[in-house]
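Residue strings, one per chain:
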Amino acid sequence: MPSIKLLVILRNPVDRAFSQYHHWQRLNWENRSFEVAINQELEILTLKLREN
């Protein structure tokens, strides 16, 4: 059996998303509110999943 490397991330996904949102705001890559950004990104993901 080959060696397997497993990476487990235990960070809260909401905390991670909020942290990344603030990071992108500091870089001026994001100008939407957090609520709008999350809702729009979820809509994009939903549409992509329906395509497949």
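Coordinates for the structure precede this section.
Computed from a predicted structure; not experimentally measured. (Residues numbered from 1 in each chain as written. Predicted model: local features only at pLDDT ≥ 70, side-chain atom pairs only at ≥ 80, totals over all residues. Heavy atoms only, no water.)

> What is the right way to look at unusual backbone geometry in this model?
In most cases, non-glycine residues show a negative phi, while peptide bonds are predominantly trans. Phi is positive for Asn28, close to 60°, though the residue is something other than glycine. Of note, Asn28 is situated in the loop between α1 (13–26) and α2 (34–51). (Helix = DSSP H or I, 4+ residues; strand = E, 2+ residues; numbered from the N terminus.)

> Can you walk me through the packing of aromatic side chains in this structure?
Two measures describe an aromatic ring pair: the distance that separates the ring centres and the angle between the ring planes. Enumeration over the complete set of coordinates arrives at three aromatic pairs. When the centroid spacing of 6.3 Å and the interplanar angle of 20° are considered together, the rings of Phe18 and Tyr21 count as stacked. A residue pair is termed a helical-turn pair when its members lie 3 or 4 positions apart in one helix, as Phe18 and Tyr21 do in helix α1 at three residues. Since its relative accessible area comes to 39%, Phe18 is described here as partly exposed. Here the aromatic rings of Tyr21 and Phe34 are separated by 5.2 Å at their centres, their planes lie at 70°, and the arrangement is edge-to-face. (Phe/Tyr/Trp six-rings, centres within 6.5 Å; stacked < 30°, edge-to-face > 60°. Buried < 20%, exposed > 50% of the residue type's maximum accessible area, 1.4 Å probe, protein only.)

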